[in-house]
Every structure is written in C-alpha cells, then in structure tokens.
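The residues making up each chain are set out below.
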Amino acid sequence: MKKPLDFLKCTRRGFIAGTATIGVSLLNGKSMKSVAHDLLNFEEIKIPTCCHMCGGGTGVIATVRDGVVAKLEPNKYNPIGVCNTSLNFTENQKDGAAMCPKGLSGIMALYDPDRVKKPLLRTNPEKGINVDPKWREITWDEAFDIIVRELKKLINEDRPEALITFSENSLATSIQRDFGNLFGTPNISFHTNICSATRKAATMAVFGVDEPLGDYQNSKYMLIFGWNPLSAVKWSHLPQILLNGKSNGSKLVIIDPRYSETAAKADLWYPIIPGTDGALALAMSHVIIEENLYNQEFIENWTFGFDEYKKYLKDKTPEWAEKICGVSAKDIKSLAIEFATNQPSIADAWIGPGQQSNGFNSIRAVLLLNVLVGSVDEPGGMMMTEEFKLGESPIRISPPKKKRFDGKEKFPFGHNSGVYVETFRQLFEENGPYKLDVAFITMSNLVLSMPNTSQVVEGLKKLKFIVVNDNYLNETSNLADIVIPGTTYLERFGLVTRGINWEYVALRQPVIKPLFNQYSEAEFFIELAKRLELKDQSGQVAFSNIRYEDYLDIRLQRSKANITLDELKEAPGGVWTSPESTEYRRYEKTVIKTETKKFQFSLSNSSKNISLNYILPEYQQRRWLPDKKYPYYLISWKHITHTHSRTQNNPYLSELKDQNYLYINPMTANSLGFKDGELVGVISPFGETKAQLRFSPGMHPEVLGTEWGFGHWAFGDYAREKGFAVNQLNKFLVDEVTGQALHKEICVNIRKI
Amino acid sequence: MEEKKITRKKFVITSLLGTLGLVAGELIRQSHSIDNIENEVDTENKKYGMVIDLDRCIGCNACTIACKQENNTPPNIHYNVVIEKEEGEFPNVYNSFLPRVCMQCDKPPCVKVCPVGATKKQKNGIVSIDYETCIGCRYCMTACPYGARSFDFGENYYDQPNTFEASPYQEYDKIYQRGKGKAPQNSVRKCHFCSHRVDKGELPACVTACLGKARFFGDLNDPNSEVSIKAKGSWTLKSNLGTKPRTFYLGEKRDD
C-alpha cells in the first residue's frame, strides 16, 4: 500500500542473521517456509507520520514489518520533536528529535484487543450510568441505514439544528464543519472549550493571535504560571527548548500551587494560592512601572491603553498581592526586577489559571508582562505565532443561519469550538433555545472529561439518538445507541500545522490499513454525507467524487505550500516547512490583529459587549472559594503518562501509571490525622468519591491535587476501577468571557471512611 | 530559596521491577564482595558507554517505553526504569529522577556467578545474555547490585498475546518471537544498550527518544567522542563496590 520514501529507502528482504536453528532451516528449502519464512524473509518499510496519542502531533517514523507495526521512532524532519524556531532547527536536529512515552506506546493502542471492531447497536432501551447497553454487532450498511433514518427525520421536520457534534481536536475537524454546513446545523463543537479557550481568548485580547508561543531556547528569563511543560508535554520539543534555554544561562521560574515536574527543574518555585496568578502579575507590573523598567519606546509605538493600565496598577502593590497570593512582597519585587532586567524574557500562563473563573484576566495580566518590557516577537521572547492555513475546502456551502444551541455568541471571547458546559447545562435543565435530538460524539469521553459527571449523564440521556465513534467502549459510549469503530492515528490520514513559530504542514498517514476495514472518522462523515445525498450550494451531491485524501490534496494545493498530497508523502519525513524562517517583529510589517491594531493593555475601545471588570485585566477573586465546610482547593493536572481520559487502557502506560492519587501536604494530613496511602472520602457540594491519599511535601498546604483521566468504570480491563474521576466533584461552572469549562474551580473536604 | 531541609525521604518507584531490583541490590551490597573478573574489556576495540545528565532528565519515562517497544519486553520487565524521589518540607522541596539502565560494568558481578557462562562481558563493553544458554537460575539477579536484571516468566500483556507482542523482533544478533516456552522466556533479561541497534550504527532506543536529550552514547575508547567528553566529571552508582560501571551520571550526585 505504501511506498517507502527516498530518504528512508530501507525495504529489505532477509533480516540479518538468525539463530543456529533458523540457519539450518535456511538450507532446508521447503521446511524453511513454515518455520523460518516469517522470521527471516520479511519486508521492512519505514513510513513517516504524525502522532495523535495527544494533540501535539509529534513526528513519527513507523517501522512496518510484513504488515505489522513493529516500531515507532522520532522523526527528526518534523520540527515538533526538535524546536519551535527555525533559528535552532539545524543545531537541535543534530541531537535528533524526541517522542514521549504516550507516543511510544502507540503500537499497544493499535493492537489493543479491547478495541471496537464492528459497529454496535444498543438493544437495551434503558440508559444509565451502570446500565448494560446489550450491544449487538451490526454491519456497516445496517449502521448507516439506521443513522440515515434518524437524520432524515430531522431533515423532514426541517430542524437540522437538532443535530450536535462533539469531537476531539485535530481529527476530522473541518470535515465535521463541512458536514454541519451541508446538513444545516450550527452545532459543531470541539474539545478546545474544555481545555485552553481562556488562554486563546486572553492572547487574542492582548496580541490578536490565538496561540503565541515562547521562544524559550533563546530566552534569558522564563517565568511560567500554571503550566507544566516538562510533564504536560503538549509539543515534544518543549523539554528540549526549556532545558537548552537553561543551559544557555536562562533562569526558569515556576508559579504553581504544587511542586510540579517543571518546578523540579526550576531555579525558583513559588507556591501560589490557586486562582491568584493575576494578582501576582499585576503587582509585578506595578513594580516594573514604579521602577521605570518598562520599555517606553515599545509601549508608545505598539500598544494601546497603557495609561489606563498604569492608573489601575497604582495601588496594586506587592504588599497588596502578598495578602492574596501568598508570595511575599519582597519576592514579588525581586521577581519583577529580574524579569524586566533579564532580557529577552518570557511570561506565560496556560490552563492552571485558565480553568478558573478569573482566568481571562489572570492570563492577560501575565501576558502583559511581556508587553511591558517589549519582549514581544523578539528572539527569546513571546512569539506572535500564526498557524499555517490550509486552503479552502472543496465543499462550497455557507454556514446555516440558525443560532447555536450553546449560546456561544453570548460570550464576548467565545471560542469557535463551542461551549460544552452550556450545552450540557441546558440539556440537563431542559431550557435550551430548542430541542436537540441527535449527537455524534467522536473520540471524546464526555462523561469523564466534562465537569459534573452525573448531570452530564442525565443530559446525554435526554438525547434521542447518540452515535459514538471511538476506538473503545467507555463511559460515554455506554449511553450511545450506535457505536462506530474508530481508527488509531496509525490507520488514518490527517494534516498537522500547529505548535511552532514558522509555517509547516506535516502528514499523518495510515502506516497500515485500518485493522477492521473500518472508515476513518473523516471518511465516516463523508460516507454519511453521500448516503444522505447532502447537496452543496450548486445543488450537487457533496463528496460524490471526493475521498478524504482528495479533500486534503485540494486544500494543500490551495495553501501557501502549494503542493500535492503525493508530494508531501515524498517530502523528507512527510513534512513541508516554509522556506521563510521564523520571522521576528512581524508587527512592524503587518497589521496587529487586535481591534485597535496595537497590543492591548485595555479593551476600552472594544466593540465587544464586555462587562466593566474585563476592560482592564483586573484582579477579581474566583467565584468558588474554600469555606468551613469545604476548606481545600482541589486542583488537577495532566501527567506525562496519559492523555485526557483516553489512554488509561494502554498496558505500557498503565504500568507507568495506573491510577491517580489525592496528593496532600503531609503537614495538612498529619494535622487531620490522615496517613499516607489511606483511602479517604472526598466530598464537594456536588458529589463524593473515594481517593487514595499520597503525601507530597510539594503540595501547597491549603490545596489538594490529583491527575485527571482516571476513575473509569466502563473502559477496558487495564483502565477500569483505578483511581477516581475528579469531575464527579464539580458543577457546570463556565467562564463568562470565553465559555471555558472551569475544571480547576473546585473546593472539597476529605473524611475518614 | 532557603537551604533545603530534608526531613524524610520518599521513593516513588516507577515499576515493581525497580522496587524488587533495588531491594535485592541493597542486600547484595552488604553481603557480596566483588573480585576481579577475567573478562577485561579489549581496549583496542570500541567500548560502549552511556552518560545520563540528570539535570536534563525530566522523569518522563520515554526511555522506559522506547526500550519496551524496541525489545518487546513483557509485563513487569523494564530494562530501563526511572526512580523518582521527592523530599523536603514545604516549601523547600526537592525532586529528582534517576534513570537506571544496565551499568555494563567492567567488573560485572553477574558474569562471575553465572554457572553456564550465559552472561558475558563482550569486547565492546556490553554485558550480554545468551538466552539459549541461560538456564534461568537467576543467580545473576541477586548478584547485580543495581537491580538491572529480571526474569521472563513468559507472561504477556494479554492472555492471547496481541499482534505486536507475538511479532518477530531482534535482540543481540538474533530474531525472537514470543511463543510458548521459547527463548527469551524463562531467561533472565536486561538492558544491552540495544546492541542490535548499535551493531547497525544506530543509537540505543532510549537515547533516540529521550525528551530532555539527557542521554549520550558512544565509544569510550575514542577520547573525542561526545560520550567520552561528557563522561569527564561524571560519577557512577555504587562506585564503592568496584564494579566499574560504564554508565555514568552527570548532575548532582545522589545517594546510591
């Protein structure tokens, strides 16, 4: 099926020396066939592709021996595993690329015997959290017939908007948008709003780009709030560029309520009270202005609202912030001075502050530190990254006029991935703008990944018909009516364009045929569109002669890369990188994409309908705070060994980490009489669960914490009944600016059981 | 920050193997004296060694999994483990990661105790195990002070081994395929610096995948090799035992 690429031409027959026994059988002619043929005489090819064990898209070289994926290794032609600025690419590439343990466990995901192999039909009409759906295997035709019948009902009733989709990112994303447009529903939604929508909104508000990335390797000072890039390794180059930055003499400072894996490598770690990052950043800004350490020229030429900000900061002293965030005034002052005087510096914040109700302002306050010192789009500063854009879709159809179910337009910085929390709140409370009947859920375990598990389950039960497309049966598919077997990334096509500071597009391609002859997720939507005979704006049946490969091919040819899919397959490592290197100070050449066309301290000129406390990045307390009954903050994070709630059944990863713990400071635990390893009850106003305590001196004494993604009850054998699911303890809490789910805004108590 | 106060130690060990191995190693350290081994390395040829820079190790275990995949190791067998240790008292906390491979000792205690000569110090410095000769007595496992060896009981991740587990793969200069009772099952197994890759001019799988680029591998006989240069100023684990490890560490010296 695949041709090996030129640079990797290593197809070979006769795989080196064998054992003595095999050596003999080689001479035995026929008998060799049965005994030794498989061992000695096989074809080995190496195929470049991109990982999708998480959304990072690391470059991979897959070795396939006689049709079996035998090895996954880093692909050094793909910048994701190397670095994020072109400046460092050649030098870093000498050390090769990198892959994380999740990526390296991809083969065990591919060959997991627990995978769904055939479409399944629910035969038990009763639905519930622990109700057996009584699956019956059906043919693909039967599955499509049933789904088409359900969707045609919506068409006949002229309410296509009663269809909603939920999906993992970077997986048939644009195909689902096209499908939604063709079908007539605006309710196409994706993962981002339960992940990092707050940071995207904050960066849009400040910089006018949605994912600026720090040039850490060339920085002199790295100040990171609520992000753990050495364990929550979103892009596999992150550890290298941060550690190279350190080797080059940069200081690494971590602000986090827990002593994270990144804090373990930091020069300084400041444990902070959750949700107070904004106060710390504001006080730092106060000092930088007071001490006259800001970049006056940059501010005059390229920013908007400095005077307003300066006025607001007047009383945001280190002493004021100390009382809020727990970092001493003295330390705040020295941090501010160090940050401003060690240039270029980077201040960054992700979902630590971002998944709390004041996250939009907190992250803006942090990002504005870069603006104050002018470390924007400079080598070693915060880069104004713009993702490579694919060309237009070949499907010509305009978006439907109907309003979205989730009310995304009510959120001034709402993300186009939608608002999952509002969708489920309205489903549960039955007070949405209209009725939803049908949901497609693609590679998303909403029951585990959404806050407020029990009400998410009840919300899903209110839908008439649910199609889950996944590799596994899990907590969400248990509420489905039909389950469609998904593909692993080793079986499907895709294009990866995100994560570095110069334009690139990398190919994800099937390294073997889908194991169960199943449709890839994108092909599933294409096939469905064809069977529904959905028409484009010219009245032609869409996708009638366009396979997914053609779709990608057309969009590649229409992009700046201007290459065909076949040319991308033939490119070294399956990657096209822009001949233009990482560009610095782009704001001098192109228009800044904020409303004022400047980097914005303030939104006072915004046409968006935002409330007054969001004009400036004001500090406001987060909404849910500890009280007598629930005295501890509960934070949660991603550990290097797992992605979301979807990798816990991988036996390799399960051996590294098979459960989560409730981490507690030993001082706190001792004062309450709890022992290390004790099983305790964790209670919030919205739920209760059991967790195993683990003492960790790196936890802030007022904070409990855990890794997310565990606590499965309906996933495969390796995953089931291990650890606990933190989302059983929270409620439908949504950020009012962005629509982000606020996973980290939970307060709990623990008790003996 | 203030000076670190160390009030208690906590070992978080990433695998059961690591736990057992280290416990065994501690026992051996007290009871077993190391004599010189005849199998001195031939210094005229290449002598492989590894340097691990602990300042660049982030404890991600990419090495552990790259190795599992490369050597198709069964459950509970990890040629490479990362030992994680968090100590101190809030807020003066200290966390370290210590990757442990086979030290490929120049004076390997494991070689001496093998009754059938299955484990050997090769000319290139790698300590090897001949799975066909190994009788599974496991003396070498207790002799190794580093807990680097484990026994393949023939278990698989699934009752019916999955396609990958059952597929042919290479270790040393041989092709193996897991099947009932066949080698390397019922043999002792350990890290061999991916000798089958090294023979082809490739780096060990753990070095290739390392996220922090903390590992360096090469010829210690070549004074200009990266690994020789990096090895300067390095230290080894349990150096008091006289095993002369060929795996070196950079960064702050840990208790061993």
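Sequence order as written defines the numbering, with residues in each chain counted from 1. Note on labels: chains are lettered from A, ligands numbered from 1, in written order. This being a predicted model, a pLDDT of at least 70 is required before a residue's local features are given, and a value of 80 or more before pairs of side-chain atoms are given or counted; all residues contribute to the totals for chains, interfaces and linings. Excluded from the side-chain calculation are hydrogens and water; included are all heavy atoms of the structure.

1. Considerations on the overall build of chain A
Reasoning step 1: Along the backbone of chain A there are 25 helices and 27 strands.
Reasoning step 2: Computed over the C-alpha atoms, the radius of gyration of chain A is 26 Å, within 12% of the 27 Å expected from 2.2 N^0.38 for a compact globule of 753 residues.
Reasoning step 3: Counting only C-alpha atoms and orienting by the principal axes, one finds that chain A spans roughly 85 × 65 × 55 Å.
Reasoning step 4: Type-normalised accessible area, obtained with a 1.4 Å probe on protein chains alone, sets the label of each residue: buried when under 20%, exposed when over 50%, and partly exposed for intermediate values. Looking at chain A residue by residue over its 753 residues, the buried ones come to 68%.
Reasoning step 5: Taking as baseline every contact in chain A between residues at least 6 positions apart, the subset at least 24 positions apart corresponds to 73%.
Reasoning step 6: The protein chains shown are the only cover counted for residues, whose accessible areas, like all others here, come from Shrake-Rupley with a 1.4 Å probe. A total of about 25,900 Å² of accessible surface is found on chain A, and carbon and sulfur atoms cover 49% of it.
Reasoning step 7: Computed over 89 positive and 87 negative side-chain charges, the separation of the two mean positions in chain A equals 2 Å. Helix and strand definitions here come from DSSP, where helices need a minimum of 4 consecutive H or I residues and strands a minimum of 2 consecutive E residues; each element is numbered from the N-terminal end. A radius of gyration in this sense is built from C-alpha atoms; the matching globule rule multiplies 2.2 Å by the number of residues raised to 0.38. Throughout, a residue-residue contact means that at least one pair of heavy atoms, one from each residue, lies within 4.5 Å. Neither His nor the chain ends contribute to the count of charged residues, in which Lys and Arg are positive and Asp and Glu negative. Think of each charge as sitting on NZ of Lys, CZ of Arg, CG of Asp or CD of Glu.

2. A short note on the nonpolar core
All names here are of chain A.
Reasoning step 1: Ranked by size, the top nonpolar core spans 189 residues in total, and within it Val69, Phe207, Leu223, Phe225 and Met284 carry the most contacts.
Reasoning step 2: If one sorts the elements of this core by residue count, helix α17 (residues 359-373) sits on top with 10 residues.
Reasoning step 3: What fixes the domain bounds is an automatic or database domain assignment. Both domains that furnish three or more residues to this core are identified here as domain 1 (213-383) and domain 2 (632-752).
Reasoning step 4: Grouped together as the second largest cluster of nonpolar side chains are 49 residues, Ala172, Val438, Phe465 and Ile482 included. Put simply, a nonpolar core is a bunch of buried Ala, Val, Leu, Ile, Met, Phe, Trp, Tyr and Cys residues held in one set by side-chain atoms that sit within 4.5 Å of each other.

3. Considerations on the pairing of strand β6 (residues 163-167) of chain A
Look at any regular strand and the pattern is simple: side chains alternate between the two faces of the sheet.
Residues and elements named next belong to chain A.
Reasoning step 1: Of all 5 residues in β6, 5 are buried; the element is thus mostly enclosed.
Reasoning step 2: Of the two faces of β6, the one carrying Leu163, Thr165 and Ser167 and the one carrying Ile164 and Phe166 are both buried.
Reasoning step 3: Bridging between β6 and strand β15 (residues 438-442) involves 5 bridges; their strand directions are parallel. When the bridges of β15 are listed, isoleucine 164 appears paired with alanine 439.
Reasoning step 4: Here β6 pairs with strand β7 (residues 188-190) via 3 bridges, running parallel. The residue bridging phenylalanine 166 from the neighbouring strand is serine 189, located in β7.
Reasoning step 5: A crossover gets the label right-handed when its path from the first strand over the helix to the second runs clockwise, viewed with the strands pointing away from the viewer. Note on the crossover from β6 through helix α8 (residues 173-183) to β7: the handedness is right-handed. At least two DSSP bridges between two strands are needed for those strands to be called paired.

4. Remarks on the pattern of salt bridges
Reasoning step 1: Salt bridges are defined by distance alone: a side-chain nitrogen of Lys or Arg within 4 Å of a carboxyl oxygen of Asp or Glu. The full count for this structure, using the stated rule, is 58 salt bridges over all chains.
Reasoning step 2: Between arginine 115 of chain A and glutamate 491 of chain A there is a salt bridge, with its nearest N and O atoms 2.8 Å apart. With arginine 115 of chain A in the loop between α6 (106-110) and β4 (120-122) and glutamate 491 of chain A in the loop between β17 (482-485) and β18 (494-496), the pair connects residues that are 376 residues apart, well separated along the chain.
Reasoning step 3: Overall, the relative accessible area of 3% leaves arginine 115 of chain A in the buried class.
Reasoning step 4: A relative accessible area of 2% places glutamate 491 of chain A in the buried class.
Reasoning step 5: Where lysine 589 of chain A meets glutamate 583 of chain A, a salt bridge forms, and the shortest distance between an N and an O atom there is 3.4 Å.
Reasoning step 6: By relative accessible area, lysine 589 of chain A is classed as exposed at 55%.
Reasoning step 7: On the basis of relative accessibility, which here comes to 34%, the residue glutamate 583 of chain A falls in the partly exposed class.
Reasoning step 8: Residues participating in the shared-partner salt-bridge network are Lys46, Lys71 and Glu73 of chain A together with Glu70, Arg197 and Glu202 of chain B.

5. Regarding the sheet that holds strand β2 (residues 59-65) of chain A
Residue and element names in this part refer to chain A.
Reasoning step 1: Taken in spatial order, the 3 strands line up as β1-β2-β3 in an open sheet, and their pairing is antiparallel. In this open sheet, the two edge strands, each paired with only one partner strand, are β1 (44-50) and β3 (68-74). When strand polarity is set aside, the average angle formed by the axes of neighbouring strands in this sheet is 25 degrees. Interaxial angle, 0 to 180 degrees, is taken between N-to-C directions of lines fitted to C-alpha atoms, where a helix line uses only the stretch in contact.

6. So, the packing of helix α11 (residues 277-290) of chain A against helix α15 (residues 329-341) of chain A
Residues and elements named next belong to chain A.
Reasoning step 1: Packing of α11 against α15 brings their axes to within 8 Å, and their N-to-C directions diverge by 65 degrees. Relative to α15, α11 is oriented so that their crossing is right-handed. For the pair α11 and α15, contact is made by Leu280, Ala283, Met284, Val287 and Ile288 and by Ile332, Lys333, Leu335, Ala336, Ile337, Phe339 and Ala340, respectively.
Reasoning step 2: The residue inventory of the contact of α11 with α15, partitioned by class, reads 11 nonpolar, no polar and 1 charged. Throughout, a crossing is termed right-handed when the near helix is turned clockwise from the far one, and left-handed when it is turned anticlockwise from it by less than a right angle. For this scheme, ten residues count as nonpolar: Ala, Val, Leu, Ile, Met, Phe, Trp, Tyr, Cys and Pro. Four count as charged, namely Asp, Glu, Lys and Arg, and the remainder, Gly too, count as polar.

7. Quick word on the interface of chain B and chain A
For interface size, the figure often reported is the accessible area lost on association.
Reasoning step 1: Taken together, the contact pairs 55 residues of chain B with 63 residues of chain A.
Reasoning step 2: We define buried area as the total accessible area lost by two parts upon association, computed with a 1.4 Å probe and summed across both. Summing both sides of the interface, chain B and chain A together bury roughly 5,000 Å²; the carbon and sulfur share of this comes to 62%.
Reasoning step 3: Between the two partners, chain B and chain A, sit 3 salt bridges.
Reasoning step 4: A salt bridge links arginine 197 of chain B to glutamate 73 of chain A, with the shortest nitrogen-to-oxygen separation between them at 2.9 Å.
Reasoning step 5: The term polar contact refers here to a pair of N or O atoms within 3.5 Å; inside protein, the definition further demands a hydrogen-donor-capable atom paired with an acceptor-capable atom, and it admits residues adjacent in sequence only when both atoms are side-chain atoms. In this structure, the connection of chain B to chain A is made through 17 residue pairs in polar contact (both at pLDDT 80 or more).
Reasoning step 6: Counting only elements with at least two residues in the side of chain B that touches chain A, the list comes to α2 (62-71), β3 (81-89), β4 (92-100), β8 (169-171), β9 (174-176) and α6 (205-209) of chain B.
Reasoning step 7: Residues belonging to the side of chain B that touches chain A are distributed by class as follows: 24 nonpolar, 15 polar and 16 charged.

8. Quick look at the state of the cysteines
Reasoning step 1: Only a pair of cysteine sulfur atoms within 2.5 Å qualifies as a disulfide here. All chains considered together, the criterion is met by 0 disulfides over all chains.
Reasoning step 2: With no disulfide of its own, cysteine 83 of chain A lies 15 Å from the sulfur of cysteine 50 of chain A, the closest cysteine sulfur.

9. A few points about the packing of aromatic side chains
Two measures describe an aromatic ring pair: the distance that separates the ring centres and the angle between the ring planes.
Residues and elements named next belong to chain A.
Reasoning step 1: Under the pairing criterion, centres of Phe, Tyr and Trp rings, with the six-membered ring standing for Trp, must be within 6.5 Å; the plane angle then separates stacked pairs below 30 degrees from edge-to-face pairs above 60, leaving the rest tilted. The tally for this structure, following the rule as stated, stands at 47 aromatic pairs over all chains.
Reasoning step 2: Seen in terms of ring centroids, phenylalanine 144 and tyrosine 519 are 5.4 Å apart; in terms of plane orientation they differ by 85 degrees. Their pairing is edge-to-face. Remark: tyrosine 519 occurs in the loop between β19 (504-508) and α21 (521-531) and phenylalanine 144 occurs in helix α7 (residues 140-156); sequence separation between them is 375 residues.
Reasoning step 3: Ring geometry for phenylalanine 207 against phenylalanine 599: centres 5.9 Å apart, planes inclined by 75 degrees, an arrangement best described as edge-to-face. Here the residue phenylalanine 207 occupies a position in helix α9 (residues 197-207), and phenylalanine 599 occupies one in strand β21 (residues 599-600), the gap between them amounting to 392 residues.
Reasoning step 4: Of the residues examined, phenylalanine 599 reaches a relative accessible area of 1% and is grouped as buried.
Reasoning step 5: One aromatic cluster in this structure is built from Trp140, Phe144, Phe179, Phe183, Phe440, Tyr519, Phe524 and Phe525.

10. Side note on the side chain of asparagine 162 of chain B
Reasoning step 1: Residue position: asparagine 162 of chain B is located in the loop between β7 (150-151) and β8.
Reasoning step 2: A polar side-chain atom of asparagine 162 of chain B sits 2.9 Å from the main-chain amide nitrogen of glutamate 165 of chain B.
Reasoning step 3: If sequence neighbours within four positions are ignored, asparagine 162 of chain B has contacts with Met108, Tyr111 and Pro113 of chain A.

11. Some words on unusual backbone geometry
Most of the time, phi is negative for any residue but glycine, and the peptide bond is trans.
Reasoning step 1: A cis amide bond links phenylalanine 90 of chain B with the next residue in sequence, proline 91 of chain B, at an omega value of 0 degrees.
Reasoning step 2: Looking at the element boundaries, proline 91 of chain B is found in the loop between β3 and β4.
Reasoning step 3: Following alanine 183 of chain B, the chain continues into proline 184 of chain B via a peptide bond in cis, with omega recorded as 5 degrees.
Reasoning step 4: If you check the backbone angles, glutamate 721 of chain A has positive phi at about 60 degrees while not being a glycine.

12. Comments concerning the environment of isoleucine 129 of chain B
Residue and element names in this part refer to chain B.
Reasoning step 1: As for its position among the elements, isoleucine 129 is in strand β6 (residues 127-129).
Reasoning step 2: Among the residues examined, isoleucine 129 registers a relative accessible area of 4% and is labelled buried.
Reasoning step 3: In this structure, the C-alpha to C-alpha distance between isoleucine 129 and glutamate 165, residues 36 residues apart in sequence, is 21 Å.

13. Side note on the confidence of the model for chain A
Reasoning step 1: On a scale of 0 to 100, pLDDT captures the predictor's confidence in every residue. Summarising the model, chain A shows a mean pLDDT of 94, and 95% of its residues fall at 70 or more.
Reasoning step 2: Note on residues 1-39 of chain A: pLDDT is under 50 here. Beyond four places in sequence and across chains, it has 72 contacts.

14. Re the sheet that holds strand β5 (residues 135-137) of chain A
Residue and element names in this part refer to chain A.
Reasoning step 1: The 7 strands are arranged β5-β4-β17-β16-β15-β6-β7 in an open sheet whose pairing can be described as mixed. In this open sheet, the two edge strands, each paired with only one partner strand, are β5 and β7. With direction set aside, neighbouring strand axes in the sheet form an average angle of 20 degrees.
Reasoning step 2: Across 5 bridges, β15 lies against strand β16 (residues 465-470) in parallel orientation. Bridging from a neighbouring strand, phenylalanine 440 pairs with valine 467 of β16.
Reasoning step 3: Of the strands in this sheet, β4, β5, β6, β15, β16 and β17 touch α7, which is tilted by about 130 degrees from β17.
Reasoning step 4: Along the sheet, α21 makes contact with β15, β16 and β17, crossing β15 at roughly 150 degrees.

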